[in-house]
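Inside the fold
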Amino acid sequence: GSNMEGTGPEWLSAEVKTGTTIIAIEFDGGVVLGSDSRVSAGDAVVNRVMNKLSPLHDRIFCALSGSAADAQTIAEMVNYQLDVHSVEIDADPKVRSAATLVRNISYRYKEELSAHLIVAGWDRHEGGQVYATLNGLLTRQPFAIGGSGSFYVYGFVDAEYRKGMNKEESQKFVLNTLSLAMSRDGSSGGVAYMVTIDEQGAEEKVILGNDLMTFFDQ
């Protein structure tokens, strides 16, 4: 029994030390979101807990760089409200509405969470959209990056980003950024999560850190 009790805090403190990066980018027709975790365990349960990307609706996800438990709670609250809302209006919710809900709930729930918050998705009104909090304001941006690990990669992101990248280029951009963030803090065996969203829906991928560099050579 007592061994089990130690697992929670250990994972959390390990994560605090190494930091997480969250990133999202708009491409023509959709968005790509990514996050990384420094867990080397192949345990699906642990991976699920460390994943910072939470679905808010069929084609809308959010990335929160706070604790996973907080992120999960907020995502569930927003998910419920969006479901009710979409039934009321008999249509899929707009990405902007989801972003506003996330911001309002996270602000009420825990003030510091609103620091690093990205909501991204696709709707038929405005296509692929990325919203991120900047000084408490939620603004639409062509790409956004956050999380405690992200200061390592700001320079790289600024140099590599170009307007008008297609879907595969955007996926590459996200994975290259995450693999750089993971290699910079010297921990091996991390995991990258990537979600690609377009009119067809959301496609989730989990890529083990060691496979990141070869992911596109297959």
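Residues numbered from 1 in each chain as written. Predicted model: local features only at pLDDT ≥ 70, side-chain atom pairs only at ≥ 80, totals over all residues. Heavy atoms only, no water.

**Notes on the pairing of strand β10 (residues 201-208)**
Bridge analysis of strand β9 (residues 191-198) against β10 gives eight bridges, and the strand direction is antiparallel. Directly across from Y193, in β10, lies its bridge partner V206. Between β9 and β10, which pair antiparallel one after the other, the connecting turn spans two residues. (Pairing = 2+ DSSP bridges. Helix = DSSP H or I, 4+ residues; strand = E, 2+ residues; numbered from the N terminus.)

**Some points on the nonpolar core**
Counting residues in each nonpolar core, the largest one holds 20 residues, and the members touching the most others are I25, F173 and V174. Secondary structure elements with two or more residues in this core: β1 (22-27), β8 (143-146), α7 (167-184) and β9. Not counting residues within four places of it along the chain, the set of residues in contact with V174 comprises I23, I25, V32, L33 and G34. (Core = buried A, V, L, I, M, F, W, Y, C linked by side-chain atoms within 4.5 Å. Buried < 20%, exposed > 50% of the residue type's maximum accessible area, 1.4 Å probe, protein only. Contact = heavy atoms within 4.5 Å.)

**Quick word on the side chain of E26**
Relative to the elements of secondary structure, E26 occurs in strand β1. At 2.9 Å, the side chain of E26 forms a polar contact with the backbone nitrogen of V130. Reaching out from E26, the side chain makes a polar contact with the side chain of R140 at a distance of 3.0 Å. If sequence neighbours within four positions are ignored, E26 has contacts with V31, G128, Q129, V130, R140, Q141, P142 and S170. (Polar contact = N/O pair within 3.5 Å; in protein donor to acceptor, adjacent residues only side chain to side chain.)

**Section: the side chain of S86**
Mapped onto the elements, S86 comes out in helix α4 (residues 68-89). Of note is the side chain of S86, whose polar atom sits 3.1 Å from the backbone oxygen of D83. For S86, the contacting residues outside a window of four places in its chain are H57, A91, D92 and P93.

**Here's the deal with the packing of aromatic side chains**
Evaluated as defined, the whole model comprises three aromatic pairs. On the basis of an interplanar angle of 40° and a centroid distance of 4.5 Å, the ring pair of F143 and Y161 is categorised as tilted. In this pair, F143 is assigned in strand β8 and Y161 in the loop between α6 (154-160) and α7, connecting sequence segments 18 residues apart. With respect to class, F143 is no different from Y161; both count as buried. Between Y161 and F173 the ring centres are 6.0 Å apart and the planes differ by 65°, which places this aromatic pair in the edge-to-face class. Taken together, the residues Y161 in the loop between α6 and α7 and F173 in helix α7 connect sequence positions twelve residues apart. (Phe/Tyr/Trp six-rings, centres within 6.5 Å; stacked < 30°, edge-to-face > 60°.)

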